[in-house]
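Coordinate analysis (summary)
Take a look at the letters that make up each chain.
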Amino acid sequence: MMTSCGKSCDCGPDPVTTETAAAPSNEGTWVSSFSVPKMDCPSEERMIRLALNGFPELNSLAFDLSTRQVRAFHDGPVDHIATKLESLGLGAAGLFQIVLALGVLVEVARRFIYGSEPESLLMMGIGLVALVANAICLLMIYGHREGGAHMKASWIFSANDVLANIGVIAAGALVAWTGSSYPDLVIGAVVGIIVLNGARRILALKA
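These remarks concern the structure in this document. (Residues numbered from 1 in each chain as written. Predicted model: local features only at pLDDT ≥ 70, side-chain atom pairs only at ≥ 80, totals over all residues. Heavy atoms only, no water.)

A count of helices and strands for the protein chain gives six helices and five strands. The secondary structure elements of the protein chain, listed N-terminal to C-terminal, are β-β-β-α-β-β-α-α-α-α-α. Out of the 207 residues belonging to the protein chain, those deemed buried represent 40%. Considering only intrachain contacts with a sequence separation of at least 6, the fraction spanning at least 24 residues in the protein chain is 66%. (Helix = DSSP H or I, 4+ residues; strand = E, 2+ residues; numbered from the N terminus. Buried < 20%, exposed > 50% of the residue type's maximum accessible area, 1.4 Å probe, protein only. Contact = heavy atoms within 4.5 Å.)

Structure (structure tokens):
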């Protein structure tokens, strides 16, 4: 059985559809499929996961970036989930970048005050894996970076991710070379400022 709830996600014309779950019962009684035309990259996926985190009726999410589809496995009504998705836009992306940047800067300040012993090899390994994923995403949207406001925002978001990954790798290499934690602190502060500037540019797109 399939029914339409008459809602759509973030400027997309496609309706949200709900059907009885064909998945295992522990994933939820219902499966709602959302068409999200603006979901281009892992950045948007992370934003959606954060936005829906804590919804008691939601059990799990499945993403298909190639078709821009999100499947929500849930036990309760879909209305709250759909409404939250509809509220996401450029402003949310910009605010998410601000929160991320402030988190980085606060962590840098904490490490400067209380000291830290960064694990250079771990930093470089995680940074390299993340860099590959984000670089692929950036290449996918390269040709559309001058498109609509959302594509420009996606480009800024993803470019910031790539710069942050490069910064982490560089910091890890410098920490290993010098034996000092200062490269980690300096590059962390620079990354935070870059992300803050990206948030400003995204919010300016909305204006």
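Now, onward.
This part covers the pairing of strand β4 (residues 58-64). For a regular strand, side-chain orientation follows a simple rule: the groups alternate between the two sheet faces. Two elements, β4 and strand β5 (residues 69-74), share six bridges in a ladder whose sense is antiparallel. Note that in β5 the partner of phenylalanine 63 across the bridge is valine 70. Linkage of β4 to β5, two consecutive antiparallel strands, is achieved through a turn of four residues, within which arginine 68 is found at a positive phi near 60°. (Pairing = 2+ DSSP bridges.)

Our next topic: the pairing of β5. Alignment of strand β3 (residues 30-35) against β5, held across six bridges, turns out to be antiparallel. Each bridged residue has a counterpart across the sheet, and for serine 35 the counterpart in β5 is glutamine 69.

If you look at soluble globular proteins, the nonpolar side chains tend to sit buried side by side. One finds Phe34, Leu52, Leu58, Leu61, Val70 and Ile81 to be the most contacted residues of the largest nonpolar core, which totals 14 residues. Elements that contribute at least two residues to this core include exactly α1 (42-52), β4, β5 and α2 (79-87). If we ignore the near neighbours within four places in the chain, the residues touching isoleucine 81 are Phe34, Leu52, Phe55, Glu57, Leu58 and His74. (Core = buried A, V, L, I, M, F, W, Y, C linked by side-chain atoms within 4.5 Å.)

A complete count under the given rule lists three salt bridges for this structure. Two residues, glutamate 107 and arginine 110, come together in a salt bridge whose shortest N-O distance is 2.7 Å. Of the two residues, glutamate 107 and arginine 110 are both situated in helix α3 (residues 90-114); the distance of three residues between them amounts to about one turn of the helix. One salt bridge connects aspartate 184 with arginine 111, and the closest N-O pair in it is separated by 2.6 Å. One end of the pair, aspartate 184, is in helix α6 (residues 182-206); the other, arginine 111, is in helix α3, with 73 residues separating them in the sequence. Residue class for arginine 111 comes out partly exposed when judged on its relative accessible area of 26%. (Salt bridge = Lys/Arg side-chain N within 4 Å of Asp/Glu carboxyl O.)

In this section: a nonpolar patch on the surface. On the surface, Leu163, Ile166, Val186, Val190 and Ile194 cluster together into a nonpolar patch covering about 390 Å² of accessible area. Elements with a contribution of two residues or more to the nonpolar patch: α5 (149-178) and α6. Here the nonpolar patch takes three residues from α6, the largest share from any one element. (Patch = residues over 30% accessible without salt bridge, like charges linked within 9 Å, V, L, I, M, F, W, Y side chains within 5 Å. Areas by Shrake-Rupley, 256 points an atom, 1.4 Å probe, with all protein chains shown as cover.)

What follows covers the side chain of aspartate 184. By relative accessible area, aspartate 184 is classed as buried at 10%. When sequence neighbours within four positions are dropped, the list of residues in contact with aspartate 184 reads Arg111, Pro118, Met123, Ala171 and Val175.

Summarising the element assignment, asparagine 165 is placed in helix α5. What asparagine 165 contacts, discounting residues up to four positions off in sequence, is Gly127, Ala130, Leu131 and Asn134.

In this model helix α4 (residues 120-141) runs 31 Å from its N-terminal to its C-terminal C-alpha over 22 residues, within 8% of the 32 Å that 1.5 Å per residue would give. For α4, the set of buried residues is Ser120, Met123, Gly127, Leu131, Asn134, Cys137, Leu138 and Ile141. Projected down its long axis, α4 shows its buried positions confined to an angular sector of 135°, all on one face. Facing away from the buried side of α4, by more than 90 degrees, are the exposed residues Leu121, Val129, Leu139 and Met140. (Expected span 1.5 Å × (residues − 1). Arc of directions from axis to C-beta.)

Our next topic: the environment of proline 42. Looking at the element boundaries, proline 42 is found in helix α1. A residue is classified by how much of its surface remains accessible, and proline 42, at 24% relative accessible area, is partly exposed. When residues no more than four places from it in sequence are discounted, the contact partners of proline 42 are Leu65 and Cys137.

The quantities given are spatial measurements derived from coordinates; they are silent on function.
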